[in-house]
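Next come the chains, spelled out residue by residue.
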Amino acid sequence: MTPTVKPTMATPTVKLTVNGLPHESDAATLAELWQRETEGLDAASPRGFAISLNGVVVRRAAWAATRLADGDTVEIIRAMSGG
């Protein structure tokens, strides 16, 4: 008897430019991209961050609903105080 092999679903990726660099991501929204891009930072919340999508600043409340598409240009900026 031959075992049944289930096909694996490849996670779709989008080709983006993030902070000026070519990037591929499986993030579907700006909120997901922010989470992936800030994993290594001490950033428990998006407070103090701004994101622009194709040159337009997107309000934080809209990040989860803002879908990413191939060719998008994203800038993720973190405000810092001090000198």
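Before any of the text, the structure's been laid out above.
Keep in mind it's a predicted model, so treat the numbers as computed, not measured.

## Some thoughts on the sheet that holds strand β1 (residues 14-18)
Pairing in this open sheet of five strands is mixed, and the strands run β2-β1-β5-β3-β4 from one edge to the other. Of all strands in the sheet, those with a lone pairing partner are β2 (21-25) and β4 (56-58), marking the two edges. Going across the sheet, the axis of each strand differs from the next one's by a mean of 35 degrees, ignoring polarity. Note that β1 and β2 share five bridges and pair antiparallel. When the bridges of β2 are listed, Val14 appears paired with Ser25. Here helix α1 (residues 30-37) sits on the sheet and contacts β1, β2, β3 (49-53), β4 and β5 (73-78); the angle it forms with β5, its principal contact strand, is near 55 degrees.

## Topic: α1
Those residues of α1 that fall on the buried side of the exposure criterion are Leu30, Leu33 and Trp34. Angular distribution of buried residues about the axis of α1 spans 100 degrees; they occupy a single face of the element. If you follow the buried residues of α1, they end up packed against β1, β2, β3, β4 and β5.

## As for the pattern of salt bridges
A complete count under the given rule lists one salt bridge for this structure. Arg36 is the partner of Asp26 in a salt bridge, and the nearest nitrogen-oxygen pair spans 2.7 Å. Of this pair, Asp26 sits in the loop between β2 and α1 while Arg36 is found in helix α1, placing the two residues 10 residues apart along the sequence. On the accessibility criterion, Arg36 (32% relative accessible area) is partly exposed.

## Description of the packing of aromatic side chains
Each aromatic ring pair is summarised here by two numbers: the centre-to-centre distance and the angle between the ring planes. Counted by the stated rule, this structure contains two aromatic pairs. Measuring from centroid to centroid gives 5.4 Å for Trp34 and Phe49, while their planes differ by 80 degrees, and the two rings are edge-to-face. In this pair, Trp34 is assigned in helix α1 and Phe49 in strand β3, connecting sequence segments 15 residues apart. What makes Trp34 buried here is its relative accessible area of 7%. Ring geometry for Trp34 and Trp63: centres 6.4 Å apart, planes at 40 degrees, overall tilted. Here Trp34 is found in helix α1, whereas its partner Trp63 is found in the loop between β4 and β5, with 29 residues between them in sequence. The rings of Trp34, Phe49 and Trp63 are connected pair by pair, giving a single aromatic cluster.

So, how was this worked out
- Residues numbered from 1 in each chain as written.
- Predicted model: local features only at pLDDT ≥ 70, side-chain atom pairs only at ≥ 80, totals over all residues.
- Heavy atoms only, no water.
- Pairing = 2+ DSSP bridges.
- Helix = DSSP H or I, 4+ residues; strand = E, 2+ residues; numbered from the N terminus.
- Axes fitted to C-alpha atoms, helices over the stretch in contact; angles between N-to-C directions.
- Contact = heavy atoms within 4.5 Å.
- Buried < 20%, exposed > 50% of the residue type's maximum accessible area, 1.4 Å probe, protein only.
- Arc of directions from axis to C-beta.
- Salt bridge = Lys/Arg side-chain N within 4 Å of Asp/Glu carboxyl O.
- Phe/Tyr/Trp six-rings, centres within 6.5 Å; stacked < 30°, edge-to-face > 60°.

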